[in-house]
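Residue-level listing of the chains:
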Amino acid sequence: MSFGFVGLGIMGEGMAANLLKAGRKLVVWNRGPEKSAQLAKAYPGLVTVAASAGEVVALSEVTFAMLSTLEASEAVFPSMLAAMAGGKSLVDCATLTPERMECMAGQVESKGGRFLEAPVSGSKGPAAAGQLIFLCGGSASLYEQVSPELDLMGKAKFLFGATGAGTKMKLVVNMTMGSMLATLAEGAALAEAADLSQAQLLEVLDLGVMSNMLFKLKGPAILSRDHANTQFPLKHAQKDMRFALGLGDDLGQSLPLCAAANEQMKLARSLGHQDDDFSAVYEAARAKPRTPNACAVLLDFDGTLGDTETPAMEVAFWELSPYLPGVSGAAAVQAQCQPFIVANAGKAFEFMCESVDKDRAAQGLPPLSQVATAPIADAALAQLVDARRAAFGLEPYSKAVATYPDLLVRQKEETVIALGATAQANPFVLATLAKLRAAGTSKQAIATTSGKPRVPVCVDKCGLRPFFPAAKIHSGESDFTPPRFKPAPDVYLLAAASERTPPSLCVAVEDSASGVGSAANAKMGLIVGYVGATHISDKTGHAAMLMRGEKSTDGRGADVVIERFDDLFPLVEAFNAWAEAVGTAHFQSLLSGQVAEPFDKAKLAAIFGALKGQYWA
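Residues numbered from 1 in each chain as written. Predicted model: local features only at pLDDT ≥ 70, side-chain atom pairs only at ≥ 80, totals over all residues. Heavy atoms only, no water.

Some thoughts on the sheet that holds strand 16 (residues 615–616)
Taken in spatial order, the 7 strands of this open sheet run 12-11-10-13-14-15-16, and their pairing is mixed. The outermost strands of the open sheet, each flanked by one partner alone, are strand 12 (473–475) and strand 16. Here 4 bridges tie strand 13 (residues 506–510) to strand 14 (residues 526–530), and the two strands are oriented parallel to one another. Across the sheet, Ala 508 pairs through a bridge with Ile 527, a residue of strand 14. (Pairing = 2+ DSSP bridges. Helix = DSSP H or I, 4+ residues; strand = E, 2+ residues; numbered from the N terminus.)

Structural data, given as structure tokens:
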């Protein structure tokens, strides 16, 4: 009998290795090719690396699958199903939902194949040691046929009945385990709060009726707060709790303890532990409630939350490219694109137009208002402009000039179209916002020069809407008549007022000189510069520019500049610790108009060593 294995992650790698150690030949495939190559190198002559999951099924009589999530299963299964035929069988060892297992079984059987669900109880260590417990449902004949292979990978196996029964048992088991660990984490947190020895707590538990292997394995990780040795990722443990709750809902079974443990795991995930071992649920248990006088984090959008400066500036460049004075020919115009992006990032399009008009006037050329609807005379340039516009989903230049009344309206409308297709969040933005929300130390809002609907469209495209509903998006262009662009302080003052937080208790996060100037002019308590977006190539030079304070009335620049967005979290925590320490007296002095003691930037020095990326201060 020939065998295949799909999915060589934390669990699958050890399971496949145990089959190979026993001399079974395997056709393997993994979403990341490195694991397949490593297995082939470790077991020469026994491993064939397939090009796809479907090829594994095509070359094997029995295929074992161990995919980590429901999403992974849904992405990979169609390829496997396409190769399924009479005489072929699938043994799926993942923890999914009963409905998903039943659906796959029906599709496999409709093509003449056999299906066995075989989710496992056990983690990375038992998988490597061949000590898993298989909880099966489905084809009894397939169960008997692959029993020798299940015995090579596990210490026990059970067949509970039809497809779905094995998964239901697995969810019951993992729900019980997750609830137990959440209880241990809560007990350890209470012992810590009571100044009791957590080590002695574990010893007492181990000596009595509550002694169990789970506490023996996870207790030391809780004591050391070291969750990096991931045996069972927290994100997968929480997934199983969620699936168990879904099963309870379907059956009308109340699961209050499971629900509470699930919420603790969700909190631990939001604190940045989703890829750590599920012992990290302890970090949620020990998290302390924070003061209601939280600070506010006010964030610029383009180039800060969203990696949108580059596409927005490129759209602006190709709007203006036909009118740049002293630049002739498609190649010469193309060469000006990147310098234009660097020079104009963070600026309103109106300011760009003023600069071009000034240069045109110096050469005796008419202003943009007189030429911006004329056709492009240079055929090669017209072709280049249309090609670049098409890359952003924009219609040809000749149609655009007839569609919009003027250049300013055209640029704003077309930027919204382009960003609606291309906008993405900067690295670590989503995780950091989730971590800030979970910590409860701050409120967050957007304070941007850019207008509406441009920013809301980008917020939706970047997946940021859960953090920034409409009431938390403040625009210097759209919320004031006439517009109040940065470095004017207005949009920061509006955002602070909307969050009911004095400016001195706010953290501003900015990527541009005008934005830093706006924050400084608004007297923000802490100004964090950010240079992680793609439009910033010279990060050291840009950081120096942000700290110079060229656009602020008092010369104040960024207090610290970071390259990685997730380094914002410890900076906010340090700032909020100061806000909590000065307390209500500081807050009341601000409300009464008195001058309060400012945040001491020297307090940040103590955490610089913990930052993950490059920083400047």
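Quick notes on a negative patch on the surface
On the surface, Glu 99, Glu 102, Asp 249 and Asp 250 cluster together to form a negatively charged patch. For the negative patch, the secondary-structure elements that each account for two or more residues are helix 5 (98–110) and helix 12 (234–251). Assignment of secondary structure puts Glu 102 in helix 5. Among the residues examined, Glu 102 registers a relative accessible area of 40% and is labelled partly exposed. (Patch = residues over 30% accessible without salt bridge, like charges linked within 9 Å, V, L, I, M, F, W, Y side chains within 5 Å. Areas by Shrake-Rupley, 256 points an atom, 1.4 Å probe, with all protein chains shown as cover. Salt bridge = Lys/Arg side-chain N within 4 Å of Asp/Glu carboxyl O. Lys, Arg positive; Asp, Glu negative; His and termini not counted. Charge placed at Lys NZ, Arg CZ, Asp CG, Glu CD. Buried < 20%, exposed > 50% of the residue type's maximum accessible area, 1.4 Å probe, protein only.)

Side note on the environment of Ala 377
Here Ala 377 is to be found in the loop between helix 19 (368–371) and helix 20 (379–391). Put simply, Ala 377 and Met 11 are 366 residues apart on the chain and 63 Å apart in space, counted from C-alpha to C-alpha.

Focus on the environment of Ala 221
For Ala 221, the location among the structural elements is in helix 11 (residues 213–224). For Ala 221, a relative accessible area of 15% gives the class buried. Considered as a pair, Ala 221 and Asp 559 are 338 residues apart in the sequence and their alpha carbons are 37 Å apart. Ignoring sequence-local partners within four residues, the contact set of Ala 221 consists of Asp 226, His 227 and Ser 279. (Contact = heavy atoms within 4.5 Å.)

Digging into unusual backbone geometry
That bond from Thr 481 to Pro 482 is cis: its omega, -5°, falls within 30 degrees of zero. Summarising the element assignment, Pro 482 is placed in the loop between strand 12 and helix 25 (490–498). Here the residue pair Lys 486 and Pro 487 is connected by a cis peptide bond, since its omega of 20° sits within 30 degrees of zero. Tracing the backbone through its elements, the reader meets Pro 487 in the loop between strand 12 and helix 25. For Arg 225, which is not glycine, the phi torsion reads 55° and is therefore positive.

Remarks on the pairing of strand 5 (residues 89–92)
Both faces of strand 5 are covered, namely the face carrying Ser 89 and Val 91 and the face carrying Leu 90 and Asp 92. Relative to strand 5, strand 4 (residues 62–65) runs parallel, the two being bridged by 4 bridges. Counted as the bridge partner of Ala 65 is Asp 92 from strand 5. Crossover handedness for the path strand 4 to helix 4 (residues 70–82) to strand 5: right-handed. Two elements, strand 5 and strand 6 (residues 114–117), share 4 bridges in a ladder whose sense is parallel. By the bridge assignment for strand 6, Leu 90 is matched with Phe 115. For the crossover that starts at strand 5, traverses helix 5 and ends in the parallel strand 6, the hand is right-handed. (Right-handed = clockwise from strand over helix to strand, strands pointing away.)

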